[in-house]
Amino acid sequence: MGIKTHFPHHSLYADGAFFFYKAQKKVETAAGAVYNAGMSRLDDLFAFLRIPSVSAQAEHAGDVERCADFLVDKLRGMGFSAVKHLTDIHPIVVAHSPHVEGRPTVLIYGHYDVMPVDPLEEWKSAPFEPTVREGRVYARGASDDKGEIMALVLAAEEVMKEDGALPLNVTFLFEGEEERGSESLFKFVQNPEVQKDLACDVIVVSDTGMAAPDIPSFSYGLKGLCCFELEVSGPAMDLHSGIFGGAVSNPITALCEMVASTHDARNRVAVEGFYDGVMPIQNWEKESWKRVPGMSNTELAALTGVPALRTEEGYTGAECVYARPTFELNGISGGYEGEGSKTVIPTRAVAKMSCRLVPGQTPEDILDKVEAHFRKVCPVGVRMKFTRQHGGSAYLSDPNSAFGKAAQKALEDTFGNPPVLVREGGSIPIIAEISRVLGKDALFLGLDLPDARIHSPNENMRLEIFEKGITMGKTLLRLMAQA
Ligand code: BES
Ligand code: ZN
(Lines give C-alpha, C1' and ligand atoms only; values in the text may rest on other atoms or scores of the structure.)
(Ligands and ions follow the chains in the order given, each with its own letter.)
Protein backbone atom coordinates (compact mmCIF):
# COMPACT_ATOMS: atom_id res chain seq x y z
CA MET A 1 0.00 0.00 0.00
CA GLY A 2 1.20 3.49 -0.75
CA ILE A 3 1.44 4.72 2.81
CA LYS A 4 4.70 6.20 4.03
CA THR A 5 5.40 7.71 7.38
CA HIS A 6 8.31 10.14 7.62
CA PHE A 7 9.06 10.36 11.27
CA PRO A 8 10.24 12.62 12.75
CA HIS A 9 10.01 15.53 10.36
CA HIS A 10 10.66 19.09 11.41
CA SER A 11 8.94 22.14 10.01
CA LEU A 12 7.31 25.28 11.29
CA TYR A 13 3.71 26.35 11.46
CA ALA A 14 3.07 29.75 9.87
CA ASP A 15 3.67 31.72 13.05
CA GLY A 16 6.35 29.40 14.36
CA ALA A 17 5.67 30.55 17.89
CA PHE A 18 5.07 27.30 19.67
CA PHE A 19 8.03 25.03 20.00
CA PHE A 20 5.93 22.01 20.77
CA TYR A 21 4.28 22.22 17.38
CA LYS A 22 7.51 22.29 15.46
CA ALA A 23 8.03 18.59 15.38
CA GLN A 24 5.59 17.15 12.94
CA LYS A 25 4.71 13.79 11.64
CA LYS A 26 4.14 13.60 7.92
CA VAL A 27 1.60 11.06 6.85
CA GLU A 28 1.19 10.30 3.20
CA THR A 29 -2.11 8.81 2.15
CA ALA A 30 -2.59 6.28 -0.62
CA ALA A 31 -3.95 9.08 -2.77
CA GLY A 32 -0.64 10.91 -2.33
CA ALA A 33 -1.96 13.73 -0.16
CA VAL A 34 0.46 14.72 2.56
CA TYR A 35 -0.90 15.38 5.96
CA ASN A 36 1.04 17.04 8.79
CA ALA A 37 0.08 16.19 12.32
CA GLY A 38 1.55 17.81 15.41
CA MET A 39 3.88 15.16 16.76
CA SER A 40 3.47 15.74 20.45
CA ARG A 41 -0.28 15.69 19.93
CA LEU A 42 -0.06 12.27 18.35
CA ASP A 43 2.35 11.04 21.00
CA ASP A 44 -0.26 11.84 23.65
CA LEU A 45 -3.04 10.24 21.65
CA PHE A 46 -1.06 7.10 20.84
CA ALA A 47 0.13 6.60 24.43
CA PHE A 48 -3.50 6.86 25.54
CA LEU A 49 -4.65 4.39 22.86
CA ARG A 50 -1.97 1.85 23.80
CA ILE A 51 -3.61 1.22 27.19
CA PRO A 52 -6.17 -1.59 26.81
CA SER A 53 -8.80 -0.09 29.10
CA VAL A 54 -11.59 -2.57 28.37
CA SER A 55 -14.06 -1.95 31.18
CA ALA A 56 -16.18 -5.07 30.70
CA GLN A 57 -13.38 -7.61 31.14
CA ALA A 58 -11.96 -8.37 34.59
CA GLU A 59 -8.56 -9.25 33.14
CA HIS A 60 -8.18 -5.60 32.09
CA ALA A 61 -9.00 -4.02 35.47
CA GLY A 62 -5.33 -3.10 36.00
CA ASP A 63 -5.16 -1.53 32.54
CA VAL A 64 -8.28 0.52 33.21
CA GLU A 65 -6.67 1.89 36.37
CA ARG A 66 -3.42 2.58 34.49
CA CYS A 67 -5.44 4.55 31.97
CA ALA A 68 -6.93 6.68 34.77
CA ASP A 69 -3.37 7.27 36.07
CA PHE A 70 -2.29 8.30 32.59
CA LEU A 71 -5.00 10.99 32.52
CA VAL A 72 -4.19 12.17 36.03
CA ASP A 73 -0.50 12.54 35.09
CA LYS A 74 -1.29 14.36 31.87
CA LEU A 75 -3.70 16.77 33.57
CA ARG A 76 -1.36 17.42 36.52
CA GLY A 77 1.40 18.14 34.01
CA MET A 78 -0.87 20.83 32.55
CA GLY A 79 -1.34 22.44 35.97
CA PHE A 80 -4.75 20.93 36.73
CA SER A 81 -5.52 19.55 40.16
CA ALA A 82 -6.41 16.00 39.19
CA VAL A 83 -7.78 13.33 41.51
CA LYS A 84 -8.35 9.64 40.87
CA HIS A 85 -11.42 8.52 42.82
CA LEU A 86 -11.47 4.79 43.40
CA THR A 87 -14.85 3.03 43.18
CA ASP A 88 -16.11 -0.54 43.48
CA ILE A 89 -15.36 -1.02 39.81
CA HIS A 90 -13.18 1.45 37.86
CA PRO A 91 -11.76 4.86 38.89
CA ILE A 92 -13.31 8.24 38.14
CA VAL A 93 -10.96 11.12 37.32
CA VAL A 94 -11.90 14.69 38.27
CA ALA A 95 -9.57 17.56 37.39
CA HIS A 96 -9.88 21.32 37.80
CA SER A 97 -8.00 24.05 35.98
CA PRO A 98 -6.47 26.83 38.11
CA HIS A 99 -9.46 28.92 39.26
CA VAL A 100 -10.29 32.11 37.34
CA GLU A 101 -12.61 34.33 39.34
CA GLY A 102 -15.82 35.61 37.76
CA ARG A 103 -15.67 33.31 34.73
CA PRO A 104 -18.03 30.48 33.84
CA THR A 105 -17.16 26.88 34.54
CA VAL A 106 -17.49 24.20 31.90
CA LEU A 107 -17.66 20.56 32.94
CA ILE A 108 -16.21 18.36 30.22
CA TYR A 109 -17.34 14.73 30.45
CA GLY A 110 -15.82 11.78 28.64
CA HIS A 111 -14.99 8.10 29.13
CA TYR A 112 -11.58 6.51 28.97
CA ASP A 113 -12.84 2.92 28.89
CA VAL A 114 -13.35 1.07 25.64
CA MET A 115 -15.43 -1.78 24.27
CA PRO A 116 -13.97 -5.30 24.00
CA VAL A 117 -12.04 -5.88 20.77
CA ASP A 118 -13.46 -9.17 19.57
CA PRO A 119 -13.55 -10.52 16.90
CA LEU A 120 -9.79 -9.94 17.05
CA GLU A 121 -9.05 -11.71 13.76
CA GLU A 122 -10.94 -9.03 11.85
CA TRP A 123 -8.52 -6.27 12.88
CA LYS A 124 -5.96 -5.33 10.21
CA SER A 125 -3.56 -4.11 12.92
CA ALA A 126 -3.46 -4.82 16.64
CA PRO A 127 -6.27 -2.95 18.44
CA PHE A 128 -3.94 -1.49 21.09
CA GLU A 129 -1.08 -0.65 18.78
CA PRO A 130 -2.25 2.58 17.14
CA THR A 131 -1.37 2.34 13.46
CA VAL A 132 -1.70 5.04 10.82
CA ARG A 133 -3.05 4.02 7.42
CA GLU A 134 -4.29 6.46 4.81
CA GLY A 135 -4.58 9.38 7.18
CA ARG A 136 -6.42 7.51 9.91
CA VAL A 137 -5.26 6.10 13.19
CA TYR A 138 -6.64 2.63 13.79
CA ALA A 139 -7.07 1.47 17.40
CA ARG A 140 -9.85 0.54 19.82
CA GLY A 141 -10.99 3.85 21.32
CA ALA A 142 -9.51 5.96 18.49
CA SER A 143 -12.90 7.64 18.10
CA ASP A 144 -14.96 6.35 21.02
CA ASP A 145 -13.91 8.07 23.21
CA LYS A 146 -10.17 8.49 23.62
CA GLY A 147 -9.64 10.51 20.44
CA GLU A 148 -12.47 12.84 21.40
CA ILE A 149 -11.26 13.23 25.01
CA MET A 150 -7.66 13.82 24.02
CA ALA A 151 -8.68 16.50 21.51
CA LEU A 152 -10.36 18.47 24.31
CA VAL A 153 -7.52 17.92 26.80
CA LEU A 154 -5.00 19.14 24.24
CA ALA A 155 -7.27 22.07 23.37
CA ALA A 156 -7.15 23.18 27.01
CA GLU A 157 -3.38 22.66 27.16
CA GLU A 158 -2.76 24.69 24.03
CA VAL A 159 -5.03 27.56 25.07
CA MET A 160 -3.10 27.71 28.37
CA LYS A 161 0.20 27.84 26.52
CA GLU A 162 -0.95 30.34 23.90
CA ASP A 163 -2.92 32.70 26.14
CA GLY A 164 -1.05 32.16 29.41
CA ALA A 165 -4.20 30.86 31.12
CA LEU A 166 -7.63 29.50 30.34
CA PRO A 167 -10.30 32.19 29.90
CA LEU A 168 -12.75 30.18 32.00
CA ASN A 169 -12.80 27.33 34.51
CA VAL A 170 -12.58 23.82 33.16
CA THR A 171 -13.45 20.67 35.10
CA PHE A 172 -12.73 17.36 33.41
CA LEU A 173 -14.82 14.39 34.51
CA PHE A 174 -13.60 11.13 33.01
CA GLU A 175 -15.10 7.76 33.87
CA GLY A 176 -13.97 4.22 33.14
CA GLU A 177 -17.36 2.49 33.00
CA GLU A 178 -19.40 4.17 30.27
CA GLU A 179 -19.30 1.16 27.98
CA ARG A 180 -20.68 -1.04 30.75
CA GLY A 181 -23.37 1.26 32.13
CA SER A 182 -21.63 3.83 34.41
CA GLU A 183 -22.69 2.11 37.62
CA SER A 184 -20.04 3.82 39.78
CA LEU A 185 -20.61 7.28 38.33
CA PHE A 186 -24.37 6.99 39.00
CA LYS A 187 -23.52 6.47 42.68
CA PHE A 188 -20.70 9.04 42.73
CA VAL A 189 -22.83 11.96 41.51
CA GLN A 190 -25.44 11.40 44.24
CA ASN A 191 -22.92 12.62 46.85
CA PRO A 192 -23.56 16.32 47.71
CA GLU A 193 -19.79 16.91 48.10
CA VAL A 194 -19.22 15.58 44.60
CA GLN A 195 -22.05 17.75 43.28
CA LYS A 196 -20.27 20.79 44.77
CA ASP A 197 -17.00 19.68 43.22
CA LEU A 198 -18.65 19.29 39.81
CA ALA A 199 -20.69 22.52 39.98
CA CYS A 200 -20.63 24.23 36.59
CA ASP A 201 -22.52 26.46 34.17
CA VAL A 202 -22.65 24.01 31.30
CA ILE A 203 -21.69 20.42 30.51
CA VAL A 204 -19.78 19.62 27.32
CA VAL A 205 -19.61 16.11 25.94
CA SER A 206 -17.57 14.88 23.01
CA ASP A 207 -18.68 11.28 22.72
CA THR A 208 -21.13 11.38 19.84
CA GLY A 209 -21.26 11.36 16.07
CA MET A 210 -20.59 13.83 13.28
CA ALA A 211 -22.34 13.78 9.92
CA ALA A 212 -19.42 14.03 7.46
CA PRO A 213 -15.78 15.16 7.57
CA ASP A 214 -16.74 18.71 6.58
CA ILE A 215 -20.23 18.76 8.12
CA PRO A 216 -20.16 18.89 11.90
CA SER A 217 -23.08 17.77 14.01
CA PHE A 218 -24.45 19.58 16.98
CA SER A 219 -26.56 17.16 18.94
CA TYR A 220 -29.15 18.32 21.41
CA GLY A 221 -30.40 14.94 22.49
CA LEU A 222 -29.43 11.39 23.34
CA LYS A 223 -31.55 8.29 23.51
CA GLY A 224 -32.09 6.56 26.82
CA LEU A 225 -31.50 2.88 27.22
CA CYS A 226 -32.60 -0.13 29.20
CA CYS A 227 -31.04 -3.57 28.88
CA PHE A 228 -32.57 -6.86 29.97
CA GLU A 229 -32.36 -10.59 29.54
CA LEU A 230 -35.07 -13.20 29.16
CA GLU A 231 -34.38 -16.81 30.03
CA VAL A 232 -36.88 -19.52 29.15
CA SER A 233 -36.37 -22.94 30.66
CA GLY A 234 -38.25 -26.23 30.53
CA PRO A 235 -36.92 -29.77 30.84
CA ALA A 236 -34.47 -30.57 33.64
CA MET A 237 -32.00 -31.98 31.10
CA ASP A 238 -31.54 -31.92 27.31
CA LEU A 239 -34.05 -34.39 25.89
CA HIS A 240 -33.97 -36.73 22.90
CA SER A 241 -36.45 -35.08 20.53
CA GLY A 242 -37.69 -38.46 19.31
CA ILE A 243 -38.40 -39.84 22.76
CA PHE A 244 -40.04 -36.66 24.13
CA GLY A 245 -40.67 -34.39 21.10
CA GLY A 246 -44.26 -33.23 20.73
CA ALA A 247 -44.99 -33.84 24.39
CA VAL A 248 -43.10 -30.94 25.93
CA SER A 249 -42.66 -27.29 25.11
CA ASN A 250 -39.33 -26.48 23.45
CA PRO A 251 -37.73 -23.51 25.30
CA ILE A 252 -36.19 -22.12 22.10
CA THR A 253 -39.53 -22.21 20.30
CA ALA A 254 -41.21 -20.60 23.31
CA LEU A 255 -38.56 -17.89 23.49
CA CYS A 256 -38.88 -17.19 19.77
CA GLU A 257 -42.68 -16.92 20.05
CA MET A 258 -42.28 -14.47 22.92
CA VAL A 259 -39.66 -12.43 21.13
CA ALA A 260 -41.67 -12.37 17.90
CA SER A 261 -44.66 -10.98 19.79
CA THR A 262 -42.75 -7.76 20.59
CA HIS A 263 -43.30 -6.21 17.14
CA ASP A 264 -46.40 -5.91 14.99
CA ALA A 265 -46.84 -5.93 11.22
CA ARG A 266 -46.26 -2.15 11.06
CA ASN A 267 -42.90 -2.71 12.75
CA ARG A 268 -44.10 -0.95 15.88
CA VAL A 269 -43.28 -2.24 19.33
CA ALA A 270 -46.30 -4.29 20.43
CA VAL A 271 -45.71 -3.94 24.17
CA GLU A 272 -48.76 -2.35 25.78
CA GLY A 273 -48.14 1.29 26.70
CA PHE A 274 -44.67 1.34 25.10
CA TYR A 275 -45.35 4.63 23.29
CA ASP A 276 -47.19 6.31 26.17
CA GLY A 277 -45.90 9.85 26.66
CA VAL A 278 -43.41 9.65 23.78
CA MET A 279 -42.51 13.15 22.67
CA PRO A 280 -43.64 13.73 19.08
CA ILE A 281 -41.03 14.81 16.55
CA GLN A 282 -41.30 18.55 15.85
CA ASN A 283 -41.85 19.76 12.29
CA TRP A 284 -38.61 21.76 12.25
CA GLU A 285 -36.77 18.58 13.20
CA LYS A 286 -38.35 16.58 10.39
CA GLU A 287 -37.41 19.30 7.91
CA SER A 288 -33.86 19.66 9.13
CA TRP A 289 -33.21 15.90 9.33
CA LYS A 290 -34.08 15.53 5.63
CA ARG A 291 -30.87 17.43 4.90
CA VAL A 292 -28.45 15.52 7.13
CA PRO A 293 -25.79 14.01 4.85
CA GLY A 294 -25.75 10.24 4.83
CA MET A 295 -29.11 9.91 6.55
CA SER A 296 -31.53 9.45 3.64
CA ASN A 297 -33.15 6.02 3.47
CA THR A 298 -31.04 5.10 0.44
CA GLU A 299 -27.79 6.22 2.07
CA LEU A 300 -28.60 4.41 5.30
CA ALA A 301 -29.25 1.20 3.39
CA ALA A 302 -25.97 1.56 1.49
CA LEU A 303 -23.95 2.38 4.61
CA THR A 304 -25.29 -0.57 6.57
CA GLY A 305 -25.32 -3.05 3.70
CA VAL A 306 -28.98 -4.06 4.16
CA PRO A 307 -31.08 -4.78 1.05
CA ALA A 308 -33.73 -2.26 2.22
CA LEU A 309 -34.58 -0.31 5.34
CA ARG A 310 -37.35 -1.52 7.62
CA THR A 311 -38.57 1.38 9.70
CA GLU A 312 -41.48 1.93 12.00
CA GLU A 313 -44.42 2.62 9.71
CA GLY A 314 -44.83 6.31 9.00
CA TYR A 315 -41.29 7.37 9.85
CA THR A 316 -38.07 7.78 7.88
CA GLY A 317 -34.88 6.00 8.85
CA ALA A 318 -33.40 9.22 10.24
CA GLU A 319 -36.51 9.89 12.33
CA CYS A 320 -36.40 6.37 13.76
CA VAL A 321 -32.70 6.61 14.56
CA TYR A 322 -32.89 10.04 16.16
CA ALA A 323 -36.24 10.16 17.85
CA ARG A 324 -38.34 6.98 17.90
CA PRO A 325 -38.00 4.40 20.65
CA THR A 326 -36.87 0.94 19.58
CA PHE A 327 -36.79 -2.61 20.89
CA GLU A 328 -33.79 -4.67 19.82
CA LEU A 329 -32.67 -8.26 20.13
CA ASN A 330 -28.92 -8.16 20.78
CA GLY A 331 -28.20 -11.85 21.16
CA ILE A 332 -30.03 -15.14 21.36
CA SER A 333 -28.73 -18.52 22.33
CA GLY A 334 -29.78 -22.00 23.33
CA GLY A 335 -29.49 -25.60 22.35
CA TYR A 336 -26.86 -27.19 20.16
CA GLU A 337 -24.75 -24.66 18.26
CA GLY A 338 -21.84 -26.92 17.28
CA GLU A 339 -20.94 -28.74 14.10
CA GLY A 340 -23.44 -30.96 12.34
CA SER A 341 -26.85 -31.61 13.84
CA LYS A 342 -28.10 -32.86 17.17
CA THR A 343 -31.74 -33.81 17.60
CA VAL A 344 -32.26 -32.39 21.02
CA ILE A 345 -34.84 -30.41 22.98
CA PRO A 346 -32.69 -28.08 25.07
CA THR A 347 -33.26 -27.19 28.68
CA ARG A 348 -33.13 -23.44 28.15
CA ALA A 349 -32.82 -20.51 25.80
CA VAL A 350 -31.76 -16.92 26.47
CA ALA A 351 -32.27 -13.65 24.68
CA LYS A 352 -30.40 -10.45 25.45
CA MET A 353 -32.40 -7.38 24.57
CA SER A 354 -32.46 -3.63 24.96
CA CYS A 355 -34.73 -0.69 24.27
CA ARG A 356 -33.56 2.72 23.12
CA LEU A 357 -35.76 5.31 24.77
CA VAL A 358 -36.80 8.84 23.89
CA PRO A 359 -37.95 11.77 26.02
CA GLY A 360 -41.19 10.91 27.78
CA GLN A 361 -40.16 7.32 28.60
CA THR A 362 -38.27 6.07 31.65
CA PRO A 363 -36.19 2.89 31.86
CA GLU A 364 -38.07 1.66 34.98
CA ASP A 365 -41.50 2.08 33.41
CA ILE A 366 -40.44 0.42 30.15
CA LEU A 367 -38.87 -2.50 32.04
CA ASP A 368 -42.14 -2.97 33.95
CA LYS A 369 -44.12 -2.96 30.72
CA VAL A 370 -41.77 -5.31 28.90
CA GLU A 371 -41.72 -7.75 31.79
CA ALA A 372 -45.52 -7.67 32.01
CA HIS A 373 -45.69 -8.32 28.26
CA PHE A 374 -43.47 -11.38 28.51
CA ARG A 375 -45.42 -12.73 31.49
CA LYS A 376 -48.61 -12.35 29.49
CA VAL A 377 -47.34 -14.14 26.38
CA CYS A 378 -45.22 -16.80 28.08
CA PRO A 379 -46.64 -20.11 26.78
CA VAL A 380 -47.59 -23.04 28.95
CA GLY A 381 -44.92 -25.64 29.67
CA VAL A 382 -41.94 -23.34 30.28
CA ARG A 383 -40.71 -21.02 33.05
CA MET A 384 -39.41 -17.53 32.36
CA LYS A 385 -36.86 -15.43 34.20
CA PHE A 386 -36.61 -11.72 33.40
CA THR A 387 -33.41 -9.96 34.49
CA ARG A 388 -33.05 -6.18 34.51
CA GLN A 389 -29.66 -4.75 33.59
CA HIS A 390 -28.33 -1.23 33.29
CA GLY A 391 -30.00 1.77 31.73
CA GLY A 392 -30.51 5.49 31.76
CA SER A 393 -33.00 8.12 30.59
CA ALA A 394 -33.04 9.98 27.30
CA TYR A 395 -31.73 13.52 27.29
CA LEU A 396 -32.83 16.63 25.42
CA SER A 397 -31.55 20.19 25.68
CA ASP A 398 -32.11 23.53 24.02
CA PRO A 399 -29.69 23.82 21.07
CA ASN A 400 -30.06 27.59 21.01
CA SER A 401 -29.04 28.55 24.56
CA ALA A 402 -26.13 31.04 24.81
CA PHE A 403 -23.68 28.16 25.31
CA GLY A 404 -25.41 26.18 22.56
CA LYS A 405 -24.87 29.08 20.16
CA ALA A 406 -21.20 29.30 21.17
CA ALA A 407 -20.86 25.56 20.51
CA GLN A 408 -22.48 25.88 17.08
CA LYS A 409 -20.15 28.75 16.20
CA ALA A 410 -17.06 26.81 17.31
CA LEU A 411 -18.14 23.94 15.03
CA GLU A 412 -18.86 26.23 12.08
CA ASP A 413 -15.59 28.16 12.46
CA THR A 414 -13.59 24.93 12.56
CA PHE A 415 -15.27 22.85 9.89
CA GLY A 416 -16.28 25.65 7.50
CA ASN A 417 -19.95 24.64 7.46
CA PRO A 418 -22.72 25.20 9.97
CA PRO A 419 -23.49 22.09 12.00
CA VAL A 420 -26.54 19.98 11.32
CA LEU A 421 -28.82 19.85 14.35
CA VAL A 422 -29.58 16.28 15.28
CA ARG A 423 -30.54 14.05 18.14
CA GLU A 424 -28.33 11.04 18.71
CA GLY A 425 -29.62 7.53 18.35
CA GLY A 426 -26.88 6.43 20.74
CA SER A 427 -26.88 6.69 24.51
CA ILE A 428 -24.58 7.97 27.21
CA PRO A 429 -26.77 6.83 30.08
CA ILE A 430 -25.14 8.99 32.74
CA ILE A 431 -25.69 12.34 31.01
CA ALA A 432 -29.34 12.84 31.92
CA GLU A 433 -28.44 12.04 35.53
CA ILE A 434 -25.45 14.42 35.68
CA SER A 435 -27.52 17.14 34.07
CA ARG A 436 -30.32 16.51 36.58
CA VAL A 437 -28.17 16.56 39.73
CA LEU A 438 -26.19 19.61 38.61
CA GLY A 439 -29.18 21.40 37.09
CA LYS A 440 -27.25 22.30 33.92
CA ASP A 441 -27.57 21.61 30.20
CA ALA A 442 -25.29 19.28 28.28
CA LEU A 443 -24.01 20.02 24.78
CA PHE A 444 -22.72 17.35 22.42
CA LEU A 445 -19.94 18.12 19.96
CA GLY A 446 -19.05 14.73 18.59
CA LEU A 447 -16.29 13.67 16.22
CA ASP A 448 -17.28 10.06 15.46
CA LEU A 449 -17.78 9.75 11.71
CA PRO A 450 -20.15 7.11 10.33
CA ASP A 451 -17.10 5.20 9.03
CA ALA A 452 -15.18 5.36 12.33
CA ARG A 453 -16.35 1.81 13.13
CA ILE A 454 -16.87 2.49 16.82
CA HIS A 455 -17.43 -0.72 18.80
CA SER A 456 -16.30 -2.69 15.70
CA PRO A 457 -13.02 -4.10 14.45
CA ASN A 458 -10.78 -1.48 12.80
CA GLU A 459 -12.13 1.44 14.81
CA ASN A 460 -10.39 4.54 13.58
CA MET A 461 -10.20 8.31 13.62
CA ARG A 462 -9.07 10.49 10.74
CA LEU A 463 -6.04 12.45 11.95
CA GLU A 464 -7.47 15.49 10.22
CA ILE A 465 -10.58 15.20 12.40
CA PHE A 466 -8.45 14.80 15.52
CA GLU A 467 -6.57 17.99 14.65
CA LYS A 468 -9.81 19.82 13.89
CA GLY A 469 -11.22 18.54 17.16
CA ILE A 470 -8.38 20.32 18.96
CA THR A 471 -8.98 23.51 17.00
CA MET A 472 -12.70 23.26 17.71
CA GLY A 473 -12.04 22.73 21.43
CA LYS A 474 -9.81 25.81 21.59
CA THR A 475 -12.42 27.95 19.85
CA LEU A 476 -15.12 26.53 22.07
CA LEU A 477 -13.26 27.34 25.30
CA ARG A 478 -12.57 30.89 24.10
CA LEU A 479 -16.16 31.48 22.93
CA MET A 480 -17.74 29.97 26.02
CA ALA A 481 -15.76 32.33 28.22
CA GLN A 482 -17.85 35.11 26.71
CA ALA A 483 -21.20 33.33 26.58
N1 BES B 1 -20.03 7.09 22.30
C2 BES B 1 -21.11 6.16 22.39
C3 BES B 1 -22.45 6.82 22.18
C4 BES B 1 -22.67 7.40 20.82
C5 BES B 1 -21.89 7.08 19.73
C6 BES B 1 -23.70 8.24 20.66
C7 BES B 1 -22.14 7.63 18.49
C8 BES B 1 -23.95 8.74 19.42
C9 BES B 1 -23.18 8.44 18.33
C10 BES B 1 -21.08 5.51 23.75
O11 BES B 1 -19.79 5.19 24.16
C12 BES B 1 -21.84 4.22 23.67
O13 BES B 1 -21.56 3.41 22.84
N14 BES B 1 -22.82 4.04 24.52
C15 BES B 1 -23.54 2.81 24.63
C16 BES B 1 -24.26 2.73 25.93
C17 BES B 1 -23.62 1.78 26.90
C18 BES B 1 -24.40 1.69 28.18
C19 BES B 1 -23.32 0.44 26.33
C20 BES B 1 -24.60 2.70 23.57
O21 BES B 1 -25.13 3.70 23.10
O22 BES B 1 -24.88 1.56 23.20
ZN1 ZN C 1 -18.41 6.41 23.80
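Structure report, in brief. (Residues numbered from 1 in each chain as written. Chains lettered and ligands numbered in written order. Predicted model: local features only at pLDDT ≥ 70, side-chain atom pairs only at ≥ 80, totals over all residues. Heavy atoms only, no water.)

1. Describing the overall build of the protein chain
Secondary structure summary: the protein chain contains 14 helices and 22 strands in total. Over its C-alpha atoms the protein chain spans a radius of gyration of 24 Å, differing by no more than 12% from the 23 Å that the globule rule assigns to 483 residues. Each of the three principal axes of the protein chain carries a C-alpha extent, and together these read 80 × 50 × 45 Å. Within the span of the protein chain, comprising 483 residues, buried residues form 55% of the whole. The long-range share in the protein chain, meaning contacts at least 24 apart out of those at least 6 apart in sequence, stands at 77%. Taking the average location of the 48 positive side-chain charges in the protein chain and that of its 65 negative ones, the two points are 1 Å from each other. (Helix = DSSP H or I, 4+ residues; strand = E, 2+ residues; numbered from the N terminus. Rg over C-alpha atoms; globule rule 2.2 N^0.38 Å. Buried < 20%, exposed > 50% of the residue type's maximum accessible area, 1.4 Å probe, protein only. Contact = heavy atoms within 4.5 Å. Lys, Arg positive; Asp, Glu negative; His and termini not counted. Charge placed at Lys NZ, Arg CZ, Asp CG, Glu CD.)

2. Quick look at the packing of aromatic side chains
Given two aromatic rings, one states the distance between the centres and the angle between the planes to describe the pair. Counted according to the given criterion, the structure contains 11 aromatic pairs. Summarising the aromatic geometry, the rings of Phe48 and Phe70 are spaced 5.4 Å apart at their centres and angled 10 degrees between planes, so their arrangement reads as stacked. A residue pair is termed long-range when its members are at least 10 positions apart, and Phe48 in helix H2 (residues 39–49) and Phe70 in helix H3 (residues 61–77) qualify at 22 residues. Accessibility classification places Phe48 together with Phe70 in one group, the buried group. (Phe/Tyr/Trp six-rings, centres within 6.5 Å; stacked < 30°, edge-to-face > 60°.)

3. A closer look at the coordination of the zinc ion (ligand 2)
Ideal values for angles at a metal depend on the geometry: 109.5 degrees with four tetrahedral donors, 90 or 180 degrees with six octahedral donors. For the zinc ion (ligand 2), the full set of protein donor atoms is His111 (NE2), Asp144 (OD) and Asp207 (OD), and the range of their distances to it is 1.7 to 2.3 Å. In primary-sequence terms, the residues that donate to the zinc ion (ligand 2) follow H-x32-D-x62-D. Pair noted here: His111 is in strand S6 (residues 105–111) and Asp207 is in the loop between strand S10 (202–205) and strand S11 (217–219), with a separation of 96 residues, a long-range link. A relative accessible area of 8% places Asp207 in the buried class. (Donors = N, O, S within 2.8 Å, 3.2 Å for Na, K, Ca; no water.)

4. With respect to the pattern of salt bridges
Any two side chains of opposite charge can pair, so long as their charged atoms come close to each other. Tallying each qualifying case throughout the model produces 35 salt bridges. Of the charged contacts, one joins Lys474 and Glu162 as a salt bridge, the two residues approaching to 2.7 Å between their closest N and O atoms. With Lys474 in helix H14 (residues 463–480) and Glu162 in helix H4 (residues 146–163), the pair connects residues that are 312 residues apart, well separated along the chain. Glu162 gets classed as partly exposed once you look at its relative accessible area, which sits at 25%. For Arg436, the salt bridge goes to Glu433, with nearest N and O atoms at 2.9 Å. Of this pair, Arg436 and Glu433 both sit in helix H13 (residues 430–438), 3 residues apart, which is roughly one turn of that helix. What makes Arg436 exposed here is its relative accessible area of 55%. (Salt bridge = Lys/Arg side-chain N within 4 Å of Asp/Glu carboxyl O.)

5. Side note on H14
Helix length check: H14 (18 residues) gives 25 Å between terminal C-alpha atoms against 26 Å at 1.5 Å per residue, within 8%. Extensive coverage of H14 is indicated by the burial of 14 of its 18 residues. (Expected span 1.5 Å × (residues − 1).)

6. What about helix H12 (residues 402–415)?
For H12, with 14 residues, the first-to-last C-alpha span of 20 Å sits near the 20 Å given by 1.5 Å per residue. For H12, the complete set of buried residues consists of Phe403, Gly404, Ala406, Ala407, Gln408, Ala410, Leu411, Thr414 and Phe415. Next to the buried residues of H12 lie S10, S11, strand S20 (420–422), strand S21 (442–444) and H14. Positive backbone phi, approximately 80 degrees, marks Gly416, located one or two places after H12.

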